Amino acid sequence: KMIEAGTDIFRLNCSHRRGGDFERVYPLIRKYARMMGKKVEVLGDLQGPKFRVAELAGEPVPLVEGEILEFGICKDDDDAIRPGRITMKATVEQKALVRAAKVGIDLLIEDGLM
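Scope of this entry: the structure provided in the associated data block. (Residues numbered from 1 in each chain as written. Predicted model: local features only at pLDDT ≥ 70, side-chain atom pairs only at ≥ 80, totals over all residues. Heavy atoms only, no water.)

Some remarks on the layout of surface pockets
Operational definition: Computed over the protein atoms alone on a 1 Å grid, cavities are sets of points where a 1.4 Å probe fits but cannot get out and pockets are open sets with protein on both sides within 12 Å along at least five of seven lines; a residue lines them when it has an atom within 4 Å of a point. Grid points are joined across faces, edges and corners, and a volume is the space filled by probe spheres set on the points.
In this structure, the largest pocket spans a volume of roughly 720 Å³. If you go around the largest pocket, you meet 20 residues; those closest to its centre are Glu 67, Leu 69, Ile 105, Asp 106 and Leu 107.

Next comes the structure, spelled out in structure tokens:
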């Protein structure tokens, strides 16, 4: 029905894939596009890098919407997450994130849940 309605590209979200999903869906897209004589593309949407935070200093740190906090690279092994500061282990990706971040930007944490 979607191809008949004019869909000419399908986005397959790799982040939420369950085993066997693409193996089942991709051949169906190709089959029906061919049967209908339509050119239909398939886009595999790959997940970008995940940024991992450091260890907690103690109890979980609640985050409050609108709260201002510091976000940075661990200074040493004792620089754990604590109220007002979220730290990450130093990796190439995480250093790039910190360099690119500017004061006042919105930073989505936990895949945007926080």
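Thoughts on the pattern of salt bridges
Applied cut-off: We define a salt bridge as a side-chain nitrogen of Lys or Arg found within 4 Å of a carboxyl oxygen belonging to Asp or Glu. What counts as a helix is a DSSP run of H or I of at least four residues, what counts as a strand is a run of E of at least two, and both are numbered from the N terminus. Note on classification: 1.4 Å probe, protein chains only; a residue is buried when its accessible area is under 20% of the maximum for its type, exposed when over 50%, partly exposed between these limits.
The tally for this structure, following the rule as stated, stands at 6 salt bridges. Across the salt bridge formed by Arg 85 and Glu 70, the nearest N and O atoms sit 2.7 Å from each other. Of this pair, Arg 85 sits in strand 4 (residues 85-88) while Glu 70 sits in strand 3 (residues 70-73), and the two are 15 residues apart along the sequence. For Arg 85, a relative accessible area of 4% gives the class buried. For Glu 70, a relative accessible area of 42% corresponds to the partly exposed category. Asp 79 is the salt-bridge partner of Arg 82, the closest N and O atoms lying 3.1 Å from each other. The exposure class assigned to Arg 82 is partly exposed, which follows from its relative accessible area of 36%. What makes Asp 79 buried here is its relative accessible area of 6%. Salt bridges here are not isolated pairs; linked through shared partners, they connect Glu 70, Asp 79, Arg 82 and Arg 85.

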